[in-house]
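# Architecture and fold: a report
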Amino acid sequence: MIQSETPASLIMIFGATGDLAKRKLYPSLYHLFQRKKLAKHFAVIGVARRPWSDEILRNHVKDSVLTSIPDAERIDEFISHFYYQAHDVADSASYIELKNLATKLDQNYSLQGNRVFYLAMAPEFFGTIAEHLKKDGLTDTEGFHRLVIEKPFGHDLESAIELNKQIRNVFSENDVYRIDHYLGKEMVQNIEVIRFANAIFEPLWNNRFISNIQITSSEMLGVEERGGYYEKSGALRDMVQNHLLQMVALLAMEPPIKLNPKEIRSEKVKVLRALRPIKDTEVPNYFVRGQYGPAEIDGKRISGYREELNVNPDSNTDTYVAGKLMIDNFRWAGVPFYIRTGKRMTAKSTKIIIQFKDVPMNLYYNSDEKLAPNLLVIHIQPEEGITLHLNAKNTGQTMETTPVKLSFSTNDIAGYNTPEAYEKLLHDCLRGDATNFTHWDEVALSWQFVDKVSQVWESHKASFPNYEAGSMGPKEADQLLEQDGFFWWPVTN
Ligand code: NAD
């Protein structure tokens, strides 16, 4: 049941000394505390390998909060709720110690046995930790036990099934919160509101009026120091299997009969089931892969992917993907959903562009004699908002048209400070709201779709590098749309 107030709970963060905890989880927990969205009764145990003390963890948490919120109030009160436990994930003795500390905090803070286990660690440990949590008695309390897992959830369908089995031996599906932090983003959550709370969009939201949908998630950075991880993953597994397919599902799903996790997930699952399967030989018609090469930008040499730290100099890993997805159902038959994502691209931007069909006949003439199509642009990041591109009359004694834009941006709302995705997701999890977490069925269907492409790619070596750092990707990605009579709308619009 979803609770309106956050209940008392003990949060255990496995991987407490890591990057994710420092950059995202501590500042997000602090924001919840500051906005009074954490229960008065809460405690956090940081769990990791290093032999830290409570004191060291508290200072670490304080630093991490002050880095993003320099004027954080009541910070000492906040960090007093944190405790540290040095831990070896494979050793039962460690879990017994952890259990003893948890029991003590449970009593001291009146936490009613409610526990959230947040696994901010490398995925190879997820299964082992889940098994030990049960075996060593950490789930033997009254109250709820929820497992929060970071991506990646497996590296293909087979490994995801294996991991899911291990986890489900301990936690029921309802208690597994698989994080896809895109689902915590303000404008991703806004997709369903824009669609289902406005009478003007939903009647047009189909193949009669929409010609194509484009989703771009581009980064300017390269792999930085994450080369080792990225070599085993690549853009398809790192971005498409989860974030991009989740956005496709939200854009394409039918209106749910209720706004609850079960109904929304069931509609998303139907979209993923309707994705047109791709045969091996057809993969090049639907998907393009890329890898960035070196370039000179503003007089500075930028390394190619193969020169990055911990990357094989002959690497076949994709740092860019463009794809065309077809959803074979009544609503979307014939409407391509184009997706692309990559590193070292021209701009950092996540944007959805819905292109409407042309009016049946052009009565007006622009200087270039073509009416621009209507576009609905959903800006996910870094800007947040929507823009509707229309044609209007040019002022003066003329009937020429001119493109105009109606824009709404959350940045323009005074005092409106969009919460971080992690803040919203942590809050949801503590209240038992799994709507914005991925259900196993979604994970399985996404892997099934993506595996087909990666299997074909793994069996053929690509001629990489094929796009320059600082560009919008390989030319084949442009051809993917050109062959259908479309082009990628610039993301800088
Ligand atoms: P990290 O390498 O910075 O931290 C790993 C943590 O795990 C450390 O606290 C370390 O002490 C602990 N650890 C490792 N081996 C251990 C062992 N044997 N016993 C006990 N503790 C051990 O990793 P990270 O960047 O924080 O990422 C954690 C997870 O979150 C990964 O699954 C990653 O894919 C995912 N993730 C990270 C980010 C990010 O921005 N960093 C974003 C999305 C997802």
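This text gives an overview of the structure that appears in the document. (Residues numbered from 1 in each chain as written. Predicted model: local features only at pLDDT ≥ 70, side-chain atom pairs only at ≥ 80, totals over all residues. Heavy atoms only, no water.)

## Some remarks on the environment of Val283
- Within the secondary structure layout, Val283 lies in helix α10 (residues 283-286).
- Residue Val283 is classed as buried on the basis of its relative accessible area of 1%.
- Sequence-wise, Val283 and Ile339 are 56 residues apart; in three dimensions their C-alpha atoms are separated by 14 Å.
- If near-sequence neighbours (up to four positions away) are discounted, Val283 is found in contact with Ile278, Lys452, Val453, Val456 and Trp457. (Helix = DSSP H or I, 4+ residues; strand = E, 2+ residues; numbered from the N terminus. Buried < 20%, exposed > 50% of the residue type's maximum accessible area, 1.4 Å probe, protein only. Contact = heavy atoms within 4.5 Å.)

## Notes on empty space enclosed by the protein
- Throughout the structure, instances matching the rule amount to two cavities of 30 Å³ or more.
- Taken as a whole, the largest cavity encloses approximately 140 Å³ of empty space.
- Along its surface, the largest cavity is lined by 15 residues, and Phe153, Gln241, Asn242, Thr438 and Val443 are the ones closest to its centre.
- Secondary structure elements with two or more residues in the lining of the largest cavity: α8 (227-252) and α12 (440-459).
- Broken down by class, the residue content of the lining of the largest cavity amounts to five nonpolar, five polar and five charged.
- Quantified by volume, the second largest cavity comes out at close to 40 Å³.
- Considering the residues around the second largest cavity, the lining is formed by Ser217, Glu219, Tyr230, Asp238, Met239, Thr341, Gly342 and Lys343.
- Sorting the residues of the lining of the second largest cavity by element identifies α8 and β13 (336-342) as the ones contributing at least two each.
- With three residues, the single largest contributor to the lining of the second largest cavity is α8.
- Its residues assigned to classes, the lining of the second largest cavity shows two nonpolar, three polar and three charged. (1 Å grid on protein atoms, 1.4 Å probe; cavity = no way out; pocket = protein on both sides within 12 Å on 5 of 7 lines; lining within 4 Å. Points joined across faces, edges and corners; volume = space filled by probe spheres on them. Nonpolar A, V, L, I, M, F, W, Y, C, P; charged D, E, K, R; others polar.)

## Considerations on the pairing of strand β14 (residues 349-356)
- By the criterion of burial, β14 is predominantly enclosed, with eight of the eight residues buried.
- Of the two faces of β14, the one carrying Ser349, Lys351, Ile353 and Gln355 and the one carrying Thr350, Ile352, Ile354 and Phe356 are both buried.
- Across eight bridges, the pairing between strand β7 (residues 210-218) and β14 is antiparallel. Across the sheet, Ile210 pairs through a bridge with Phe356, a residue of β14.
- Alignment of β14 against strand β15 (residues 375-381), held across six bridges, turns out to be antiparallel. Of the residues in β15, the one forming a bridge with Ile354 is Leu376. (Pairing = 2+ DSSP bridges.)

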